[in-house]
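Listed below are the residues making up each chain.
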Amino acid sequence: MRSLFPVTDLTTSTSGGEDPSGPLADREWSLDELADAYAYPTDLPAEGPGSAWLRANMVSTLDGAAQHDGRSQPISCDGDMRIFGTLRALADVVIAGAETVRLEGYRPARAREAFAARRAAAGQGPAPAVAVVTGSLDLDFSLPLFTEPLVPTLVVTGSGAPADRIAAARKAGAEVVIAGEGTRVDPARAVRELADRGLRRQLTEGGPRLLGQFVAAGALDELCLTLSPMLTAGDAQRIAGGPGVVVPERFALASLLEEGGFLFGRYRRRGAR
């Protein structure tokens, strides 16, 4: 893995930042190096506006497919999975849509010894919580995600969600978070509700519909995007779906890594920390 763009200075040109031919070039980075490169901002206010930082982690082929045969794994690689694990290990909470939870077979986030000291120093528990965004609560509450988590799984829904499904979620040990009216979840409110529970370092892994909702709501601070050197054609989803925004919002490139033809970009909303 090598750096094509500075990973430590977001405003300096490559010539003034990390040397792409230096000690981090052309080798597998350690997990500590990746964690330093993808660290969350350290100056978030303790509460109120801006107290949460929402980043997304997605993968896309050259022709824009976010999945192959309904799953992201076929277009991923080992480097992508190392970054995936690192981003999870840095987060307070991993946010995913119900469809993604079902298709990808989500399990509870696990504690990883390599990140234990870093999480303890940041005041975090052994593993991030998983928050499932769902209006209908059409979930199998007998799955390990609900029965075996290190920290309780959260179910984020609207105030009009089916009462019997809310009861089933709570019986299974999940924490129900109301973040919208009717069965609709308000993306910006979901971010705030999670932050109010101390879950301020937020990571969403999609799917495309959920990411599209965060984008449309102006709630996304950062996108970590793996560009896979593959072509799939077909009609697979893009990384973000749903209604478009009126005016495209421009993000700034914060860092760019490469390994085996895969590009790992990190983009931050302009004006964000």
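Above this text you will find the structure in question.
These figures come from a predicted structure and were not determined experimentally. (Residues numbered from 1 in each chain as written. Predicted model: local features only at pLDDT ≥ 70, side-chain atom pairs only at ≥ 80, totals over all residues. Heavy atoms only, no water.)

Draft legend 1. Focus on the overall build of the chain. For the chain, the count of helices and strands is eight helices and ten strands. The C-alpha atoms of the chain give a radius of gyration of 18 Å, which matches the 19 Å a tight globule of 273 residues would have. Projected onto its principal axes, the C-alpha positions of the chain cover 60 × 45 × 35 Å. Out of the 273 residues belonging to the chain, those deemed buried represent 47%. When the accessible area of the chain is evaluated, it comes to approximately 12900 Å², of which 52% is carbon and sulfur surface. Distance from the positive charge centre (29 side chains) to the negative charge centre (34 side chains) of the chain: 4 Å. (Helix = DSSP H or I, 4+ residues; strand = E, 2+ residues; numbered from the N terminus. Rg over C-alpha atoms; globule rule 2.2 N^0.38 Å. Buried < 20%, exposed > 50% of the residue type's maximum accessible area, 1.4 Å probe, protein only. Areas by Shrake-Rupley, 256 points an atom, 1.4 Å probe, with all protein chains shown as cover. Lys, Arg positive; Asp, Glu negative; His and termini not counted. Charge placed at Lys NZ, Arg CZ, Asp CG, Glu CD.)

Draft legend 2. Seen up close, the sheet that holds strand β4 (residues 129-133). Spatial ordering of the open sheet is given by β1-β9-β10-β8-β2-β7-β3-β4-β5-β6, a layout of ten strands whose pairing is mixed. Since the sheet does not close on itself, it has two edges, and those belong to β1 (2-5) and β6 (175-178), each with one partner. When the angles between neighbouring strand axes are averaged without regard to direction, this sheet yields 25°. Sheet topology note: the strand β3 (residues 93-97)/β4 ladder contains five bridges and is parallel. Looking at β4, one finds that Val 94 is bridged to Val 130. (Pairing = 2+ DSSP bridges. Axes fitted to C-alpha atoms, helices over the stretch in contact; angles between N-to-C directions.)

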